Amino acid sequence: VQLQACGGGLVQAGGSLRVSCTAAGRALSSYDMGWFRQAPGKERELVAAISWGGSGTTYGDSVKGRFTISRDNVKNTVYLQMSSLKPEDTAVYYCAARGRRTGVLSRRDNEYDYWGQGTQVTVSS
């Protein structure tokens, strides 16, 4: 599965941004999907994840109430809507797909099998 993330950019603190993830030639509807981020000098962390059917979601503690993950399986796209952005949200954001359905939505990056190339999000103060 080749994932492609897009929509990153530069935004002022307090602003909003939406990033998207698509896959070429493969339906994402079979996969749990996650957004992770990695800032310079920091470990990669979960931002949000969504189950293959869209009924289940989980969020990192630092983004709860500000970010929303969603998916449109007809458009084969997963979205991350980011609001009330803070400078500490600055990172490269990666989308990932988990090939195994276990019934439990994973928060661990090593349980995701396919990764996109990442998109840079920079929040200025």
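Definitions and limits used
Residues numbered from 1 in each chain as written. Predicted model: local features only at pLDDT ≥ 70, side-chain atom pairs only at ≥ 80, totals over all residues. Heavy atoms only, no water. Helix = DSSP H or I, 4+ residues; strand = E, 2+ residues; numbered from the N terminus. Rg over C-alpha atoms; globule rule 2.2 N^0.38 Å. Contact = heavy atoms within 4.5 Å. Areas by Shrake-Rupley, 256 points an atom, 1.4 Å probe, with all protein chains shown as cover. Lys, Arg positive; Asp, Glu negative; His and termini not counted. Charge placed at Lys NZ, Arg CZ, Asp CG, Glu CD. Core = buried A, V, L, I, M, F, W, Y, C linked by side-chain atoms within 4.5 Å. Buried < 20%, exposed > 50% of the residue type's maximum accessible area, 1.4 Å probe, protein only. Salt bridge = Lys/Arg side-chain N within 4 Å of Asp/Glu carboxyl O. Pairing = 2+ DSSP bridges. Axes fitted to C-alpha atoms, helices over the stretch in contact; angles between N-to-C directions. Disulfide = S-S within 2.5 Å.

Our focus in this paragraph is the overall build of the protein chain. A count of helical and extended segments in the protein chain gives zero helices and eleven strands. Reading the helices (α) and strands (β) of the protein chain from amino to carboxyl end gives β-β-β-β-β-β-β-β-β-β-β. By the compact-globule yardstick of 14 Å for 125 residues, the protein chain fits well, its C-alpha radius of gyration being 13 Å. Here the C-alpha coordinates of the protein chain stretch approximately 40 × 25 × 25 Å along the principal axes. Partitioning the contacts of the protein chain with sequence separation of at least 6, the portion at a separation of at least 24 is 58%. Surface accessibility of the protein chain: about 6300 Å² in total, with carbon and sulfur atoms responsible for 45%. Of note, the protein chain has its 15 positive side-chain charges centred 4 Å away from the centre of its 10 negative side-chain charges.

Side chains of nonpolar character tend, in soluble globular proteins, to be buried together. Counting residues in each nonpolar core, the largest one holds 29 residues, and the members touching the most others are Met 33, Trp 35, Leu 80, Met 82 and Tyr 93. Broken down by secondary-structure element, the contributors of at least two residues to this core are β1 (3-6), β3 (17-23), β4 (32-38), β5 (45-50), β7 (67-72), β8 (77-82), β9 (91-98) and β11 (119-124). Once residues lying within four places of it in the same chain are set aside, the contact partners of Tyr 93 are Ala 5, Trp 35, Phe 36, Arg 37, Val 47, Phe 67, Leu 80, Met 82, Gly 118, Thr 119 and Val 121.

With that settled, the discussion passes to the pattern of salt bridges. Side-chain pairing between opposite charges can occur once the charged atoms of the two side chains come close. The tally for this structure, following the rule as stated, stands at seven salt bridges. A salt bridge links Arg 37 to Asp 89; the nearest nitrogen and oxygen atoms lie 2.9 Å apart. On the criterion of sequence distance, the pair formed by Arg 37 in strand β4 and Asp 89 in the loop between β8 and β9 is long-range, its members being 52 residues apart. Asp 89 sits in the buried class, given a relative accessible area of 1%. Close ionic contact of Arg 66 with Asp 89 constitutes a salt bridge, the shortest N to O distance being 2.8 Å. Separated by 23 residues along the polypeptide, Arg 66 in the loop between β6 (57-59) and β7 and Asp 89 in the loop between β8 and β9 bring together distant segments of the chain. Its relative accessible area of 11% is what places Arg 66 among the buried residues.

It is worth spelling out the sheet that holds β3 at this point. Sheet architecture is open: four strands sit in the order β1-β3-β8-β7, paired in antiparallel fashion. Each edge of the open sheet is held by one strand with a lone partner, namely β1 and β7. Between one strand and the next, the sheet's axes are offset by a mean angle of 15 degrees, whatever the strand orientation. As paired elements, β3 and β8 share six bridges and run antiparallel to each other. Each bridged residue has a counterpart across the sheet, and for Ser 20 the counterpart in β8 is Tyr 79.

Applying the stated criterion across every chain yields a total of one disulfide. Across the disulfide, Cys 21 is cross-linked to Cys 95 (sulfur-sulfur distance 2.1 Å). Taking the torsion about the S-S bond as the criterion, the Cys 21 to Cys 95 disulfide, at about 65 degrees, is right-handed. Placement of Cys 21 in strand β3 and of Cys 95 in strand β9 is noted, with a sequence separation of 74 residues between them. Residue class for Cys 21 comes out buried when judged on its relative accessible area of 0%.

Shape descriptors only; they carry no functional weight alone.
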